[in-house]
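The primary structure of each chain is shown beneath.
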Amino acid sequence: QVQLVESGGGLVQAGGSLRLSCAASGRTFRSYDMGWFRQAPGKEREFVAAISRSGGNTVYGDSVKGRFTISRDNAKNTVYLQMNSLKPEDTAVYYCAADRGTATIYTRDYDYWGQGTQVTVSS
């Protein structure tokens, strides 16, 4: 069992930056690939980024490629999402998720989810 708690969301102007954190409980964090997803009102949950257990492999959604960076610190049981050059269309609730298998872009493949943190980008 893994419990995930996101933090770092807030209100930011377009062009600004935020760093989200996701703290995981338990001693098995390094056994999971991790992902970030987001969900805007009235829309389906969208893949943002994923990172392998070791941190050596990352993958990004097309809409955030080149602007967002996912990373992890296994010693701190934490995964991060650095978001730069934010746009109003990045406004959403951001969720982190843990995958016991190989992380994918599909929500159905993830085993544990956090409660989410709101990110609002004003124009």
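Summary of the structure given here. Remember, it's a predicted structure, so these values are computed and weren't measured experimentally.

Rules used in this analysis
Residues numbered from 1 in each chain as written. Predicted model: local features only at pLDDT ≥ 70, side-chain atom pairs only at ≥ 80, totals over all residues. Heavy atoms only, no water. Disulfide = S-S within 2.5 Å. Helix = DSSP H or I, 4+ residues; strand = E, 2+ residues; numbered from the N terminus. Buried < 20%, exposed > 50% of the residue type's maximum accessible area, 1.4 Å probe, protein only. Core = buried A, V, L, I, M, F, W, Y, C linked by side-chain atoms within 4.5 Å. Contact = heavy atoms within 4.5 Å.

Looking now at the state of the cysteines. Overall, the coordinates contain one disulfide when judged by the stated rule. Across the disulfide from cysteine 22 sits cysteine 96; the S-S distance is 1.9 Å. Between cysteine 22 and cysteine 96, the disulfide has an S-S torsion of 40 degrees and is therefore right-handed. Remark: cysteine 96 occurs in strand β9 (residues 92–99) and cysteine 22 occurs in strand β3 (residues 18–24); sequence separation between them is 74 residues. Neither cysteine 22 nor cysteine 96 differs from the other in exposure class; each is buried.

Take the nonpolar core next. Buried together is how nonpolar side chains tend to be arranged in soluble globular proteins. Ranked by size, the top nonpolar core spans 30 residues in total, and within it Leu4, Met34, Trp36, Leu81, Met83 and Tyr94 carry the most contacts. For this core, the secondary-structure elements that each account for two or more residues are β3, β4 (33–39), β5 (46–51), β7 (68–73), β8 (78–83), β9 and β11 (117–122). Look past the residues within four positions of methionine 34 in its chain and what remains in contact with it is Leu4, Cys22, Phe29, Ala49, Ala50, Ile51, Ile70, Arg72, Val79, Ala97, Ala98 and Tyr110. Counting six residues, the second-largest nonpolar core is a separate cluster that includes Phe37, Phe47, Ala97 and Ala103.

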